[in-house]
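Structural overview for review
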Amino acid sequence: MPLWTIHHTPGIFTDEEKHELATRITDHYEKAGLPRFYVIALFKETSTEDFYVGGEPTPVGIRVVIDHIARHSHSTGDRQRITHWINGILAPLAQAKPNLHWEFHVDETSEELWMINGLVPPPGGSEAEKAWARANAVSAY
């Protein structure tokens, strides 16, 4: 499960931009073989009085925290590809916002510490996971 928590100052995203970004993120993970419903994007508006960088209030900022649970990178090359992909998703948005401070990081959590609707998700790439992806829903397996 990729979980993208996107902390941002007011006015960074329109509702349309949120939907577009969430769809682009989800499309990428679907291409990598994950069920679409594994992908969650949370937009958390944070007032400029509560968004500090270097001890100073930041009037225009985005901080993205990404949790990867369903899949893990196995090499430096994998991690570089992931960061370049994420950068490619965020950079066009960032370039359109003057004076924006933006950053992200990715945490990888053990899939053994994850359940959906009370079920342990099937192993990555398994027939059961492919069935979940086709149905875009959780089911007993």
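Every value quoted in this text rests on a predicted model; they were computed, and no experiment measured them.

1. Things to note about the UniProt feature "domain: Tautomerase cis-CaaD-like" (unreviewed entry) in the protein
UniProt's feature table lists "domain: Tautomerase cis-CaaD-like" (unreviewed entry) at residues 1-136, given in the numbering used throughout. Here residues 1-136 is 34% helix and 24% strand, with 13 Å between the C-alpha atoms at its ends.

2. Quick look at helix α2 (residues 76-95)
In this model α2 runs 27 Å from its N-terminal to its C-terminal C-alpha over 20 residues, within 8% of the 28 Å that 1.5 Å per residue would give. The largest bend in α2 amounts to roughly 30 degrees and is located at Ile 89, with the proline Pro 92 lying one to four residues further along. Among the residues making up α2, those that are buried are Trp 85, Ile 86, Ile 89, Leu 90, Ala 91, Leu 93 and Ala 94. Where α2 is buried, its residues meet β1 (2-8), α1 (15-31), β5 (61-68) and β6 (101-108).

3. Examining the nonpolar core
Membership of the largest hydrophobic core comes to 27 residues, with the highest contact counts inside it found for Trp 4, Ile 25, Tyr 29 and Ile 62. Counting only elements with at least two residues in this core, the list comes to β1, α1, β5 and α2. Among the elements that make up this core, the one with the highest residue count is α2 (six residues). Dropping the residues within four chain positions of it, Ile 62 is found in contact with Ile 6, His 7, His 8, Ile 12, Phe 13, Phe 51, Leu 93, Leu 100, His 101, Trp 102 and Glu 103.

4. Regarding the packing of aromatic side chains
Under the defined criterion, the tally for this structure stands at eight aromatic pairs. Between the aromatic rings of Phe 37 and Trp 132, the centroid separation amounts to 5.8 Å while the plane-to-plane angle is 40 degrees, which identifies the pairing as tilted. Pair noted here: Phe 37 is in the loop between α1 and β2 (40-45) and Trp 132 is in helix α3 (residues 127-135), with a separation of 95 residues, a long-range link. We classify Trp 132 as buried; its relative accessible area is 1%. In this structure an aromatic cluster arises from ring pairing among Phe 37, Tyr 38, Trp 114, Trp 132 and Tyr 141.

5. A word on the pattern of salt bridges
Applying the stated criterion across every chain, the model contains seven salt bridges. Note that Arg 36 and Glu 30 form a salt bridge whose closest N and O atoms lie 2.9 Å from each other. In this structure Arg 36 comes out as partly exposed when scored by relative accessible area, which is 28%. When the shortest N-O distance is used, the salt bridge between Arg 71 and Glu 129 registers 2.6 Å. Here Arg 71, found in the loop between β5 and α2, pairs with Glu 129, found in helix α3; they are 58 residues apart in sequence, far enough to count as distant. Arg 71 sits in the partly exposed class, given a relative accessible area of 30%. Each of Asp 27, Glu 30 and Arg 36 takes part in salt bridges that share partners, so that together they form one network.

6. Examining the pairing of β6
Judged from the eight bridges that link them, β5 and β6 form a sheet pairing that is parallel. Of the residues in β6, the one forming a bridge with His 68 is Glu 108.

7. Section: the pairing of β5
Successive residues of a regular strand alternate their side chains across the two faces of the sheet. Within β5, seven of the eight residues are buried, which leaves it mostly tucked inside the rest of the structure. As judged from the seven bridges shared by β1 and β5, these two strands associate in the antiparallel manner. In the sheet register, Thr 5 faces β5, and the bridge partner there is Val 65. Taken together, β5, α2 and β6 form a β-α-β motif whose crossover is right-handed.

How each quantity is defined
- Residues numbered from 1 in each chain as written.
- Predicted model: local features only at pLDDT ≥ 70, side-chain atom pairs only at ≥ 80, totals over all residues.
- Heavy atoms only, no water.
- UniProt positions renumbered as here; feature names shortened; annotations may be inferred.
- Helix = DSSP H or I, 4+ residues; strand = E, 2+ residues; numbered from the N terminus.
- Expected span 1.5 Å × (residues − 1).
- Bend = angle between axes of the 7 residues up to and from the residue.
- Buried < 20%, exposed > 50% of the residue type's maximum accessible area, 1.4 Å probe, protein only.
- Contact = heavy atoms within 4.5 Å.
- Core = buried A, V, L, I, M, F, W, Y, C linked by side-chain atoms within 4.5 Å.
- Phe/Tyr/Trp six-rings, centres within 6.5 Å; stacked < 30°, edge-to-face > 60°.
- Salt bridge = Lys/Arg side-chain N within 4 Å of Asp/Glu carboxyl O.
- Pairing = 2+ DSSP bridges.
- Right-handed = clockwise from strand over helix to strand, strands pointing away.

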